Amino acid sequence: MAVRPILTVPNAVLKQVSTPVETVDDELRALMDDMLETMYAAPGIGLAAVQVGVPKRVIVMDLAREDEPPQPRCFVNPEITWRSDQMAVREEGCLSVPDIYDEVERPAEVGLRYLNYQGELVEEDAEGLLAVCIQHEMDHLNGVLFIDHLSRLKRDRAVAKVKKAAKEAA
Ligand code: NI
C-alpha cells in the first residue's frame, strides 16, 4: 500500500470523465488499498480514483465517526438508480480543493448500485452523509467538482485560493 499524491484544482485530469472498470481483480484492489491509505492520510472521508490521477470509476469512503472503528467502503462502477424529490443542503469540502467549504444542494436520498471490494453487486438506498458523499464522489467520475455547483464568482475565487496556497507551499 502507498499514499499517492492527490491532484488539486485546476489540474485538467480532474475534469476527465472516468471510464468503467472491466473486472474487480487484485490489481484494482491494490488501487483501492492505495486510495484508502491516501484518504486516511489526508485525512478525508471520500476519494475518487481520478483524484490520484487514475480516471477509472472507483470510489473509496469511510464515514465512521472518530469514536467508531474504521468502516472502509469501496464503490466500483457506481450508478444512481433513483433520486428523491426532497433536497438537502450540506456543507461540502474536497481534498482536491483544500481548505474550501461551501453549501451544496442535492437530492436527500438516492438509490445506489455498484460493485464492492470483492466485486459483488450491491444495491442499497443512501440517505444523510452517505447520500451526500456518494453524489459528491460520483460527480468526480464525471469530471465535476463541488465548486462547479457554486456561482462562477465563488468557483473562480476557490481555484485562485488553492493555486496561491500551492504556489506558496512549493
Ligand atoms: Ni471531492
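Provided above is the structure to which this section pertains.
Note that the coordinates shown come from a computational prediction; the quantities given were computed from them, not determined experimentally. (Residues numbered from 1 in each chain as written. Predicted model: local features only at pLDDT ≥ 70, side-chain atom pairs only at ≥ 80, totals over all residues. Heavy atoms only, no water.)

In this section: the pattern of salt bridges. Enumeration over the complete set of coordinates arrives at 14 salt bridges. Residues D148 and R155 are paired through a salt bridge, measuring 3.9 Å at the closest nitrogen-oxygen approach. Look at D148 and you get partly exposed, because its relative accessible area is 28%. A salt bridge links R152 to D156; the nearest nitrogen and oxygen atoms lie 3.7 Å apart. Residue R152 and its partner D156 are both found in helix α3 (residues 152-169); the two are separated by 4 residues, about one turn of the helix. Under the relative-accessibility criterion, R152 is labelled exposed at 60%. (Salt bridge = Lys/Arg side-chain N within 4 Å of Asp/Glu carboxyl O. Buried < 20%, exposed > 50% of the residue type's maximum accessible area, 1.4 Å probe, protein only. Helix = DSSP H or I, 4+ residues; strand = E, 2+ residues; numbered from the N terminus.)

Reference geometry at the metal: tetrahedral coordination by four donors gives ideal angles of 109.5 degrees; octahedral coordination by six donors gives 90 or 180 degrees. At this site the nickel ion is bound by C94 (SG), H136 (NE2) and H140 (NE2), with donor distances of 2.1 to 2.3 Å. Spacing between the donor residues of the nickel ion along the chain follows C-x41-H-x3-H. Here H140 lies in helix α2 (residues 128-141) and C94 lies in the loop between β4 (87-92) and β5 (102-107), a separation of 46 residues in the sequence. Considered together, C94 and H140 belong to a single accessibility category, that of buried residues. (Donors = N, O, S within 2.8 Å, 3.2 Å for Na, K, Ca; no water.)

Strand order in this open sheet of 5 strands is β1-β2-β3-β6-β7, and the pairing throughout is antiparallel. Because the sheet does not close on itself, it has two edges, and the strands there are β1 (46-48) and β7 (121-127). Strand-to-strand, the axes of this sheet are offset by a mean angle of 40°, without reference to chain direction. As judged from the 3 bridges shared by β1 and strand β2 (residues 58-61), these two strands associate in the antiparallel manner. Looking at β2, one finds that G46 is bridged to M61. (Pairing = 2+ DSSP bridges. Axes fitted to C-alpha atoms, helices over the stretch in contact; angles between N-to-C directions.)

Per the stated rule, a full pass over the model turns up 1 aromatic pair. With 4.5 Å between their ring centres and 55° between their planes, F75 and Y114 make a pair best called tilted. Here Y114 lies in strand β6 (residues 109-115) and F75 lies in strand β3 (residues 73-83), a separation of 39 residues in the sequence. Looking at F75, the relative accessible area reads 0%, which means it is buried. A residue is classified by how much of its surface remains accessible, and Y114, at 6% relative accessible area, is buried. Across the ring face of Y117, the terminal group of R29 is positioned such that the distance to the ring centre comes to 6.0 Å. (Phe/Tyr/Trp six-rings, centres within 6.5 Å; stacked < 30°, edge-to-face > 60°. Lys NZ or Arg CZ within 6 Å of the ring centre and 35° of its normal.)

The next point concerns unusual backbone geometry. With glycine set apart, most residues show a phi of negative sign, and most peptide bonds adopt trans. Note the cis peptide between V9 and P10, where omega equals 5°. Structurally, P10 is set in the segment before α1 (26-41). Of the consecutive residues A42 and P43, the connecting peptide bond is found in the cis state with omega at -10°. Here P43 lies in the loop between α1 and β1. Despite not being glycine, N77 has its phi angle at roughly 50°, a positive value. Mapping N77 onto the fold places it in strand β3. The phi dihedral of D99 falls on the positive side, at around 65°, and the residue is not glycine.

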